[in-house]
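# Topology and contacts: notes
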Amino acid sequence: TLYFPKPFFVFSFIRPWIPILLGLHMQFSWATTCPEECRCDRTFVYCNERSLTSVPLGIGEGYKTLYLHNNQINNAGFPLELHNVASVETVYLYGNQLDEFPINLPKNTRVLHLQENNIQTVSRAALGQLLRLEELYLDDNSISTVGVEEGAFREAISLKILFLTKNHLSSIPIGLPEELRELRLDENRIALITDDAFENVTGLELLLLDGNLLTDEGLASRAFQSLSSLKTLSMARNSLMLPPPNLPTKCLVKLNLQDNMMNEIPVTAFHGLHRLERLDISNNQLQSLTQGVFDGLRSLRQLTVRNNLWHCDCDIKWVILWLKSLPATLNVRGFMCQRPESVRGMVIRELNLETIQCPGSTATVPRFTQQPAVTSSKETRTDSCVQVNWISTFTVTAYKVTWVKLGHSLVSDPLQETVVDGEQQGIRLTNLEPKSIYQICVDPLDAFNNYHPGDDTICSEVMTKSASFDSNENGAGPEQASQQDLSSSILLAGLIGGAVLIVLVVLLSIFCWHVHKKERSESSKWKYNRGRRKDDYCEAGTKKDNSILEMTETSFQIVSLNNEQLLKGDFRIQPIYTPNGGGIGYRDCPVANNSTAYYKNSVPESNPCHT
């Protein structure tokens, strides 16, 4: 016989009920820890838009998100017990009446929203309580530079995202946290950035400085040099005359410089930005660009230059050639002529070099676009071929030769290219169109078969001669070709003139036939009422409302003019004109109802009437 102690039987009985009891306990516990002023749902506490002046008491553990936005909470409304709630990670406090950075926030807060308050000061003590804070949003407050205690943001050692948009800052806050990755300072009053402003935030990846008061003088030469991890830099809507110097070259991918006052860009402004993919220089005062200014941008995918004062003169020629040589992967927007007036509104890429007017020149002269390392270049023109020769002062692996026909239209022919061995010093271009202008460029390639436009490039324009003729074949020569061209032109003009003449004759014949047919149709029927109004006939004695007498050839017939049925009764027939053109006669004759009187040779068959 086995003997079991009494506690064993009790435990065996209540064991299946333990999970149920625990669940009821948790539900009861959660229901009792939700403040009366709020609504709780799982891990969320909704206390927003309730006109609260302080944070409600009784927020227990287990909640992760606390909504307190759009209330009237002030700085005195944060109880100490709130700081000890360890489960809360996200707090929404925007749209309240805070004038200082609040204290006693939940100690494990990771995301804090404080937008649209009236916060003026930020203390080290307040941020020192939030060691796990990663995202801080302080947009649209009244924070000034003097209102931020030195090193205050550094107390938040885990801070990665800091938004300070639309405040009253005049400089960069001192003592930013080292872990910061994203900093937004747009729409402030920042006019000064020193060399050491970002020395502690070497891991910063995004920096927004749009809409400030930055000038070239207020921007230190090495302000951004320490930002080795920076990927996005935006400085739109400032007062810069030149791009910022010493930009970080290692990781920069996006650079926004639109809406400034830049009137020139130095050729070295973007030097070393090999990873830059997007560049925006729109809405500035640029009239021209220095040749080669974009040469170092190997990864560029989008270039925006809209709303500048592009002056399409000789200095813009290299831009035309550069645009036509770009790969399809690079999207360029906004190159449009503003001056001179003759080309205003034209897309620069579609311009023909012949349309560009150069000061002091009367004809198109072949010219070099840059002083190259290749010391000489010569084109020998023979018929429809061009012999291109060059001499290099250094060893070249290969040469890339490109040529394009420049026609009279704004759009040139497709660009053609070929690669020749570095040991060669010339190439003969054949199958060119006679009497045409070609742009020919020679680019030395490096050991990896890469080339850098503008570095060591020679470009020149050349015109091919007219097609040659063999004088030994049937004695034909240029004179005979000219005669053949003249004969062909005369023959073509004769054919066109003959066709036009035939068309005119046909049209004239149709018109005459139509007029003749119409006259014949009218002459075949002579009406009595010709040349007189209806009222005249009524005055002559005819029935005004019913009918008048109409004469057709040699007979009389009463015809209704108003499409009414003739009334039965007596009618008076009163001829006005005699058939032989004599005078007017009047006779009164009794006529039978609905009868018709017929005459022959203008004499009545009987003369029963008194004339």
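Residues numbered from 1 in each chain as written. Predicted model: local features only at pLDDT ≥ 70, side-chain atom pairs only at ≥ 80, totals over all residues. Heavy atoms only, no water.

In the nomenclature of an unreviewed UniProt entry, the protein is known as Fibronectin leucine rich transmembrane protein 2 of Astyanax mexicanus.

Before going further, it helps to spend a moment on the pattern of salt bridges. In total, this model carries six salt bridges according to the counting rule given. For R181, the salt bridge identified is with E179, shortest N-O distance 3.7 Å. Classification of R181 as partly exposed rests on a relative accessible area of 28%. The exposure class assigned to E179 is partly exposed, which follows from its relative accessible area of 34%. Ionic pairing is found between E187 and R237, a salt bridge with its closest N-O pair at 2.4 Å. Within this pair, whereas E187 is found in the loop between β8 (182–184) and β9 (206–208), its partner R237 is found in the loop between β10 (232–234) and β11 (254–256), the two being separated by 50 residues in sequence. The exposure class assigned to E187 is partly exposed, which follows from its relative accessible area of 32%. For R237, a relative accessible area of 39% puts it in the partly exposed group. (Salt bridge = Lys/Arg side-chain N within 4 Å of Asp/Glu carboxyl O. Buried < 20%, exposed > 50% of the residue type's maximum accessible area, 1.4 Å probe, protein only. Helix = DSSP H or I, 4+ residues; strand = E, 2+ residues; numbered from the N terminus.)

All chains considered together, the criterion is met by four disulfides. Between the sulfur of C38 and that of C47 lies a disulfide, 1.8 Å long from S to S. Here the disulfide of C38 and C47 is right-handed, its torsion about the S-S bond being about 110°. Overall, C38 belongs to the buried group, its relative accessible area being 11%. For C47, a relative accessible area of 0% puts it in the buried group. Here C312 engages in a disulfide with C337; their sulfurs sit 1.8 Å apart. On the sign convention where negative is left-handed, the bridge of C312 and C337, at about -100° about the S-S bond, is left-handed. Of the two residues, C312 sits in the loop between β13 (302–304) and α5 (317–324) while C337 sits in the loop between β14 (331–333) and β15 (376–382), which places them 25 residues apart along the sequence. Each member of the pair C312 and C337 is classed as buried. (Disulfide = S-S within 2.5 Å.)

Below, the discussion takes up the side chain of K405. By secondary structure assignment, the location of K405 is in strand β17 (residues 398–406). Side chain to side chain, K405 and E433 meet in a polar contact 2.5 Å long. (Polar contact = N/O pair within 3.5 Å; in protein donor to acceptor, adjacent residues only side chain to side chain.)

To continue, consider a positive patch on the surface. A contiguous patch of positive charge, built from K254, R278, R306 and R333, is present on the exposed surface. Mapped onto the secondary structure, K254 falls in strand β11. (Patch = residues over 30% accessible without salt bridge, like charges linked within 9 Å, V, L, I, M, F, W, Y side chains within 5 Å. Areas by Shrake-Rupley, 256 points an atom, 1.4 Å probe, with all protein chains shown as cover. Lys, Arg positive; Asp, Glu negative; His and termini not counted. Charge placed at Lys NZ, Arg CZ, Asp CG, Glu CD.)

Below, the discussion takes up the pairing of strand β20 (residues 437–445). Most of β20 is tucked away: nine of the nine residues are buried. Because side chains alternate across β20, one face comprises the buried residues I437, Q439, C441, D443 and L445, and the other comprises Y438, I440, V442 and P444, equally buried. In this structure, β17 lies alongside β20, joined through nine bridges in antiparallel fashion. Bridged to T402 within β20 is C441. Bridging between β20 and strand β21 (residues 458–463) involves six bridges; their strand directions are antiparallel. In the sheet register, C441 faces β21, and the bridge partner there is C459. (Pairing = 2+ DSSP bridges.)

This brings us to the sheet that holds strand β18 (residues 416–421). Reading across the sheet, the four strands line up as β18-β17-β20-β21 and stay open at both edges, with antiparallel pairing between neighbours. The sheet is open, and its two borders are formed by β18 and β21, each paired with just one other strand. Across the sheet, the mean angle from the axis of one strand to that of its neighbour is 20°, orientation sign disregarded. (Axes fitted to C-alpha atoms, helices over the stretch in contact; angles between N-to-C directions.)

So, about a nonpolar patch on the surface. Residues L492, I496, V500, V503, L504 and L507 make up a contiguous nonpolar surface patch of roughly 560 Å² in combined accessible area. Among the secondary structure elements, V503 is positioned in helix α6 (residues 478–523). Judged by its relative accessible area of 47%, V503 falls in the partly exposed class.

All right, on to α5 then. Helical geometry: 3.6 residues make up each α-helical turn, so side chains three or four residues apart lie on a common side. Across the eight residues of α5, seven count as buried, placing the element largely inside the fold. Three or more residues of α5 are buried, namely K317, W318, V319, I320, L321, W322 and L323. Along its buried surface, α5 packs onto β13, β14, β20 and β21. (Contact = heavy atoms within 4.5 Å.)

If you look at the biggest cluster of nonpolar residues, it comprises 102 residues, and the most contacted ones within it are L136, I193, F198, F224 and F270. Residue assignment for this core shows that the elements contributing at least two residues are α4 (124–128), α5 and β17. When residues in this core are grouped by element, the largest group, six residues, is from α5. Non-local contacts of I193, meaning those with residues more than four positions away in its chain, are made with I172, F198, L209, L214, G218, L219, A220, A223 and F224. Counting 15 residues, the second-largest nonpolar core is a separate cluster that includes V386, V401, I427 and V462. (Core = buried A, V, L, I, M, F, W, Y, C linked by side-chain atoms within 4.5 Å.)

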